[in-house]
Protein chains: 2
Amino acid sequence: MSDFRPASDRITIHDVAEGARVSTGTVSRVLNNRPGVNPRTKARVLEAMQSLGYRPDQAARELSFAQNRTIGLHVGSPVERNRPFFAQFLSHISRELRDSGFRFEEIRSRPDGMPEQIPDGLVLFGAHEADPRIPELRANSVPTVLLGRHNEVSCVAADDADGGRQVAEHLVRLGHTSFACILGGLHSQGEFDRLTGFRGGLARHGFELSNEMILDGEFTSLGAYRAMRRALERGLSVSAVFAASDEMAIGAMAAAEDHGVRVPLDLSVVGFDDMEGIAGDRLTTVRQSIADLAHSAVELLREQLAGGERRSITLPVTLIVRTSTARYWGGHEVS
Amino acid sequence: MSDFRPASDRITIHDVAEGARVSTGTVSRVLNNRPGVNPRTKARVLEAMQSLGYRPDQAARELSFAQNRTIGLHVGSPVERNRPFFAQFLSHISRELRDSGFRFEEIRSRPDGMPEQIPDGLVLFGAHEADPRIPELRANSVPTVLLGRHNEVSCVAADDADGGRQVAEHLVRLGHTSFACILGGLHSQGEFDRLTGFRGGLARHGFELSNEMILDGEFTSLGAYRAMRRALERGLSVSAVFAASDEMAIGAMAAAEDHGVRVPLDLSVVGFDDMEGIAGDRLTTVRQSIADLAHSAVELLREQLAGGERRSITLPVTLIVRTSTARYWGGHEVS
DNA sequence: CTGAAAGCGCTTACAG
DNA sequence: CTGAAAGCGCTTACAG
């Protein structure tokens, strides 16, 4: 915390300009990575910023950016809003947007669940296929990006199917032969894709996942715990479980433990997201970069605002192997 | 969504000034509720704002406010950051701050958990008595407000003790005579106060709460579920449970149901917070206004920035009675 | 490749 | 009680 500095000392673009002996316009160009700045000049400016500890004023940037537009974020339901994933996404998208010179605002919901007001562009969180917000927005041709999958609007999502596939590969390679899956109730395309990918991956090795092996974890740790525990009590006997979110995976692990099933000895558990503060250092999971999702969402929005076509972006995911999964020797009894 | 309007049409203070036939300065004065504006003029301005649908530009306000200061919000740990309460608070405090002309920024943590940088003022979330951030900030005399209780810094909190007391009153009045309490592990002063208040309220009627009746719910629905279920399986026999958060109350209710204990017939459950999307329409709980907490935090910060003394604010809470609590006739068997 | 200047939407002394 | 004007920190045509 050595960089404590009272507000009055705020160093501006002018200080940097002076330090680098250029005009403020040039500093701005460097700051925004605009092409056409002499590399040497650029280096000088960068160095001045560095040594002065310059940090741009977002409010000023917002105000002077020509586009001068407000992008809103709107969540489908209060329940969605309480998900840790949402909090993280909110944090990233607001930063990303401000860094790009947009104004950012979280849009509240009217009693009927529709956005209270419509900004110049909208990011939709927690939308489903038949989401009533979509036709409305399309009718008003409001630039919109949806987090997830939808075929009528631009959207950005992690490669859910590939994530599921990677999980299947991982588990099969570890010697597992019987599997269960915990979803959040199949409301979103994303979890469906995770399931489909998982099934596909299993099928490739001759395994299949029957419908009884799909549990509804309500997208919460508690929901997953209860679903898993009930399943175990009914005699569910599998050696590996794939949950569509880290929270649900945590719940499943807890249920297993409480039922006397050791993770990973008797049961391997895999999550999805790799959320900080949830996955911990134990859960094997599929990492998706929330920062990249936010970044891509802004890009798609920018394109639409510039009159471009709708399109979608799918981001790669990575399997992070930790200690909640292990080789299955077939020797342990489960349940 | 009838107020859809492209960015180019953005109506500014100038439009309002023109509409009300005053100068922009006057509009600004009205906007900020500054004293010394002729009531008639004010009415005219207000009406113009109204009819034009004027909405002030936060970026511009931030930029031109004289104080021109940045307030940061910093959370103690990633786990705290994932709590729904945090997400709500973040949303309110950022709005509040911007409306007051401050810049707002969420401060990230360094690997050691300390804030990555120090703005002109700081709001601390999820702090405990021995929080290492506090001495550091005090040493640098950074204006700081803590959400919760602490005796070295300004702080703002709901009247946790009174909340606990009200719950006790409510339950006693309903005829309950045996109680349990679910806490998050006694890390924060707040939950301790809730417990103390609860105990005090019970004591007033000759009831007491032994230590075995205090369960650790880890401040999550899953944690509370497991604690409650274990307790029920061990034969816990009480007719009322007070949980220090809505999430934990939800977990306790689920555990009761799974154990064949009917809520509220056999068991009354009370939460704390009245969080949207969690308490639902069923949980009796203690409502604290997150908006007011945020508002007060900003006030305390402003005072410190103006050179005022540290002080603390305690906000009133309200018991919201729903259907998770009911009269206890002593006739039902529990567990 | 770079500088001088206007402007983003607001607030606030300073006059009157 | 109100207006005219400067200024908050930045970006971006417009010249050169």
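1. Digging into helix α3 (residues 39–52) of chain B
Residues and elements named next belong to chain B.
Logical step 1: An ideal rise of 1.5 Å per residue puts 20 Å on 14 residues; α3 measures up with 20 Å between its terminal C-alpha atoms.
Logical step 2: Looking at the buried residues of α3, the elements they touch are α1 (13–20) and α2 (24–31).
Logical step 3: Its side-chain oxygen at 2.7 Å from the backbone nitrogen of Arg 40, Asn 38 defines the N-terminal cap of α3.

2. Details of the side chain of B:Ser100
Logical step 1: Position of B:Ser100 among the secondary structure elements: in the loop between α6 (84–99) and β2 (103–106).
Logical step 2: With relative accessibility at 11%, the residue B:Ser100 sits in the buried group.

3. Thoughts on unusual backbone geometry
Leave glycine aside and you will find that most residues have negative phi; peptide bonds, for their part, are mostly trans.
Logical step 1: Cis peptide bonds are those with omega within 30 degrees of zero, and the linkage from A:Val263 to A:Pro264 qualifies with 10°.
Logical step 2: Mapped onto the elements, A:Pro264 comes out in the loop between α11 (246–258) and β9 (268–273).
Logical step 3: The phi torsion at A:Asp274 lies on the positive side, around 55°, for a residue other than glycine.
Logical step 4: Following the sequence through the fold, A:Asp274 ends up in the loop between β9 and β10 (284–287).
Logical step 5: In this model, B:Asn33 sits at a positive phi of 55°, which is unusual for a non-glycine residue.

4. Examining the protein's contact with DNA strand C
Logical step 1: Taken together, the neighbourhood of DNA strand C is formed by 28 residues, with A:Arg29, A:Thr41, B:Ile13, B:Ser28 and B:Tyr54 sitting nearest.
Logical step 2: Taking the atoms of DNA strand C that fall within 4 Å of the protein, sugar and phosphate contribute 72% of them.
Logical step 3: Between B:Tyr54 and DNA strand C, the recorded distance is 2.4 Å, taken from a side-chain N or O atom to a phosphate oxygen.
Logical step 4: Broken down by secondary-structure element, the contributors of at least two residues to the surface near DNA strand C are α2 (24–31) and α4 (58–64) of chain A together with α2 and α4 (58–64) of chain B.
Logical step 5: Looking at which element gives the most residues to the surface near DNA strand C, the answer is α2(B), with four residues.
Logical step 6: Partitioning the surface near DNA strand C into residue classes produces nine nonpolar, twelve polar and seven charged.

5. Details of the interface of chain B and chain A
Logical step 1: Listed as interface residues are 59 residues of chain B and, on the opposing side, 58 residues of chain A.
Logical step 2: Here chain B meets chain A over a buried area of about 4700 Å², counting both sides, of which 48% is carbon and sulfur.
Logical step 3: Taken together, the connections running from chain B to chain A amount to ten salt bridges.
Logical step 4: Of the charged contacts, one joins B:Arg229 and A:Glu233 as a salt bridge, the two residues approaching to 3.3 Å between their closest N and O atoms.
Logical step 5: Scanning the region where chain B abuts chain A turns up eleven residue pairs in polar contact (both at pLDDT 80 or more).

6. Considering the sheet that holds strand β3 (residues 121–125) of chain A
Residue and element names in this part refer to chain A.
Logical step 1: Spatial ordering of the open sheet is given by β2-β1-β3-β4-β5-β11, a layout of six strands whose pairing is parallel. Whereas interior strands pair on both sides, the edge strands pair on one side only; in this sheet they are β2 (103–106) and β11 (313–315). Averaged over all neighbouring strand pairs, the angle between strand axes comes to 20°, with direction disregarded.
Logical step 2: Relative to β3, strand β1 (residues 70–75) runs parallel, the two being bridged by five bridges. In the sheet register, Gly 72 faces β3, and the bridge partner there is Leu 122.

7. Some words on the relation of the copies chain B and chain A
For the pair of chain copies, the relating transformation is a rotation about an axis with a translation along it.
Logical step 1: When chain B is fitted to chain A, the residual RMSD is 0.1 Å, and the transformation amounts to a turn of 180° plus an axial shift of 0.0 Å. Taken together, the rotation and translation describe the operation of a two-fold axis.
Logical step 2: An overlap of 98% is found between the interface residues of chain B and their copies at the interface of chain A, pointing to a shared contact surface.

8. Overview of the protein's contact with DNA strand D
Logical step 1: Taken together, the neighbourhood of DNA strand D is formed by 29 residues, with A:Ile13, A:Ser28, A:Tyr54, B:Arg29 and B:Thr41 sitting nearest.
Logical step 2: One nitrogen or oxygen atom from the main chain of A:Ile13 is found 2.5 Å from a phosphate oxygen belonging to DNA strand D.
Logical step 3: In this structure, B:Ser23 approaches DNA strand D through a main-chain N or O atom, which is 2.8 Å from a phosphate oxygen.
Logical step 4: Secondary structure elements with two or more residues in the surface near DNA strand D: α2 and α4 of chain A together with α2 and α4 of chain B.
Logical step 5: Broken down by element, the surface near DNA strand D gets its largest block of residues, four residues, from α2(A).

9. Concerning the pattern of salt bridges
Residues and elements named next belong to chain B.
Logical step 1: By the definition in use, this model includes 45 salt bridges over all chains.
Logical step 2: Among the ionic pairs, Asp 274 bridges to Arg 322, the shortest N-O distance being 3.0 Å. With Asp 274 in the loop between β9 (268–273) and β10 (284–287) and Arg 322 in the segment after β12 (318–320), this residue pair connects regions lying 48 residues apart in the sequence. With respect to burial, Asp 274 and Arg 322 carry one shared label: buried.

10. A word on the domain arrangement of chain A
Logical step 1: Looking at chain A, the domain boundaries give domain 1 (7–54), domain 2 (70–158 + 290–316) and domain 3 (160–289).
Logical step 2: Its C-alpha centre places domain 1 of chain A at a distance of 50 Å from the equivalent point of domain 3 of chain A.

11. Observations concerning the packing of aromatic side chains
Residue and element names in this part refer to chain A.
Logical step 1: Applying the stated criterion to the full structure yields 15 aromatic pairs over all chains.
Logical step 2: Here the aromatic rings of Phe 86 and Phe 125 are separated by 5.0 Å at their centres, their planes lie at 75°, and the arrangement is edge-to-face. Placement of the pair is Phe 86 in helix α6 (residues 84–99) and Phe 125 in strand β3, with a sequence separation of 39 residues. Both residues of the pair, Phe 86 and Phe 125, belong to the buried class.
Logical step 3: Across the ring face of Phe 272, the terminal group of Arg 194 is positioned such that the distance to the ring centre comes to 3.7 Å.
Logical step 4: Positioned over the ring face of Trp 329 is Arg 327, at 5.7 Å from the centre of the ring.

12. Structural notes on the pairing of strand β5 (residues 154–158) of chain A
Residues and elements named next belong to chain A.
Logical step 1: Of all the five residues making up β5, five are buried; the element is thus mostly covered by neighbouring parts of the structure.
Logical step 2: Here β5 shows no split at all, with Ser 154, Val 156 and Ala 158 on one side and Cys 155 and Ala 157 on the other all buried.
Logical step 3: With three bridges joining them, β5 and β11 adopt parallel strand pairing. In the strand pairing of β11, Ala 158 is matched with Leu 315.

13. Remarks on the sheet that holds β12(B)
All names here are of chain B.
Logical step 1: Strand order in the open sheet made by the six strands is β7-β6-β8-β9-β10-β12, with mixed pairing throughout. Every interior strand has two partners, whereas the edge strands, β7 (214–216) and β12, have only one. Pairs of neighbouring strands in the sheet enclose a mean axial angle of 20°, with direction left out of account.
Logical step 2: Pairing geometry for strand β8 (residues 240–243) and β9, over three bridges, is parallel. Considered in β9, the bridge of Phe 242 is made with Val 270.
Logical step 3: Running over the sheet, helix α8 (residues 160–173) touches β6 (179–183), β8, β9, β10 and β12 and is turned about 160° from β9.

What counts as what
- Residues numbered from 1 in each chain as written.
- Chains lettered and ligands numbered in written order.
- Predicted model: local features only at pLDDT ≥ 70, side-chain atom pairs only at ≥ 80, totals over all residues.
- Heavy atoms only, no water.
- Helix = DSSP H or I, 4+ residues; strand = E, 2+ residues; numbered from the N terminus.
- Expected span 1.5 Å × (residues − 1).
- Contact = heavy atoms within 4.5 Å.
- Polar contact = N/O pair within 3.5 Å; in protein donor to acceptor, adjacent residues only side chain to side chain.
- Buried < 20%, exposed > 50% of the residue type's maximum accessible area, 1.4 Å probe, protein only.
- Near = heavy atom within 4 Å.
- Nonpolar A, V, L, I, M, F, W, Y, C, P; charged D, E, K, R; others polar.
- Buried area = accessible area lost by both parts, 1.4 Å probe.
- Salt bridge = Lys/Arg side-chain N within 4 Å of Asp/Glu carboxyl O.
- Pairing = 2+ DSSP bridges.
- Axes fitted to C-alpha atoms, helices over the stretch in contact; angles between N-to-C directions.
- Least-squares fit on C-alpha atoms with pLDDT ≥ 70 in both.
- Domains from an automatic or database assignment.
- Phe/Tyr/Trp six-rings, centres within 6.5 Å; stacked < 30°, edge-to-face > 60°.
- Lys NZ or Arg CZ within 6 Å of the ring centre and 35° of its normal.

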